[in-house]
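Coordinate analysis (summary)
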Amino acid sequence: MVDRNLADAASDSISVDNQYNLAYRAALMLCTVLLYAEGYASGKGQGSHVRPINALPLILGEAHRKNADYLDGCRGKRNRLEYEYIGATTPEDVVALLEYGHELRATVLAWLKEKHPKLVPPA
């Protein structure tokens, strides 16, 4: 799902808002993978996006605090475009979030290989 969302988010055939939403969902899924791998769940309803993001530096280390802050900002922007108004994001925002999504994917895969090799998806 992460790979699909990242690929779809890079497509110019959908709106910038939807590109951003897909890139955000890919990053959120990666954070959720970290939680689940460590035996936790993100929960449902209110806070279900916040918990995985907040867990990022707790699981990967404090060096990822800025990444969690970035993703939390992305969460707010995603909420605005999802629930408040069209055009809450820019093409530059999409590019930045896509780049971060690919970096986070590589980080999570490396972490899984080290900590939970049985959970690494086949290539």
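The structure this text deals with has already been given above.
Presented here is a report on the structure given in the accompanying data block. (Residues numbered from 1 in each chain as written. Predicted model: local features only at pLDDT ≥ 70, side-chain atom pairs only at ≥ 80, totals over all residues. Heavy atoms only, no water.)

So, about helix α1 (residues 2–9). Along α1, the residues that are buried comprise Val2, Asn5, Leu6 and Ala9. Buried residues of α1 fall within an arc of 100° about the axis and therefore sit on the same side. (Buried < 20%, exposed > 50% of the residue type's maximum accessible area, 1.4 Å probe, protein only. Helix = DSSP H or I, 4+ residues; strand = E, 2+ residues; numbered from the N terminus. Arc of directions from axis to C-beta.)

Counting 33 residues, the largest nonpolar core has Leu34, Leu56, Leu71, Leu97, Leu104 and Trp111 as its most contacted members. Elements that contribute at least two residues to this core include exactly α1, α2 (16–37), α3 (50–60), α4 (65–83) and α5 (91–115). Take this core: its biggest share by element is 12 residues, from α2. Dropping the residues within four chain positions of it, Leu56 is found in contact with Cys31, Leu34, Gly61, His64, Asn67, Ala68, Leu71, Tyr100 and Leu104. (Core = buried A, V, L, I, M, F, W, Y, C linked by side-chain atoms within 4.5 Å. Contact = heavy atoms within 4.5 Å.)

Attention now moves to the packing of α3 against α5. Two elements in contact, α3 and α5, have axes separated by 13 Å at closest approach and are oriented at 45°. One element, α3, and the other, α5, form an angle in the oblique class. By crossing handedness, the relation of α3 to α5 is classed as left-handed. Touching Leu56, Ile59 and Leu60 of α3 are Tyr100, Leu104, Thr107 and Trp111, all from α5. Here the residues of the contact of α3 with α5 are counted per class, giving 6 nonpolar, 1 polar and no charged. (Axes fitted to C-alpha atoms, helices over the stretch in contact; angles between N-to-C directions. Parallel < 35°, antiparallel > 145°, perpendicular 65-115°, else oblique. Left-handed = near helix turned anticlockwise from the far one by under 90°. Nonpolar A, V, L, I, M, F, W, Y, C, P; charged D, E, K, R; others polar.)

With 25 residues, α5 extends 36 Å from end C-alpha to end C-alpha; this agrees with the ideal 36 Å at 1.5 Å per step. Among the residues making up α5, those that are buried are Val94, Leu97, Leu98, Tyr100, Gly101, Leu104, Val108, Leu109, Trp111 and Leu112. On its buried face, α5 sits against α1, α2, α3 and α4. (Expected span 1.5 Å × (residues − 1).)

Okay, the side chain of Arg78 next. Turning to its location among the elements, Arg78 is positioned in helix α4. The buried charged residue Arg78 lacks any salt bridge partner; its closest oppositely charged side chain belongs to Glu82, at an N-O distance of 4.4 Å. If we ignore the near neighbours within four places in the chain, the residues touching Arg78 are Tyr20, Asn21, Tyr24, His49 and Tyr83. (Lys, Arg positive; Asp, Glu negative; His and termini not counted. Salt bridge = Lys/Arg side-chain N within 4 Å of Asp/Glu carboxyl O.)

Before going further, it helps to spend a moment on the pattern of salt bridges. By the definition in use, this model includes 5 salt bridges. The salt bridge partner of Asp72 is Arg75, with a shortest N-O separation of 2.8 Å. Here Asp72 pairs with Arg75, and both are found in helix α4, just 3 residues apart, close to one helical turn. In this structure, Glu114 and Lys115 form a salt bridge, with 3.9 Å as the shortest nitrogen-oxygen distance.

In this section: the packing of α3 against α4. Two elements in contact, α3 and α4, have axes whose closest approach is 7 Å; the angle formed by their N-to-C orientations is 165°. Classified by the angle their axes make, α3 and α4 are roughly antiparallel. In this structure, α3 meets α4 at a crossing whose hand is right-handed. On the side of α3, the interface is formed by Val50, Ile53, Leu56 and Pro57, while α4 contributes Arg65, Asn67, Ala68, Leu71, Asp72 and Arg75.

Geometric descriptors of this kind do not, in isolation, establish any biological role.
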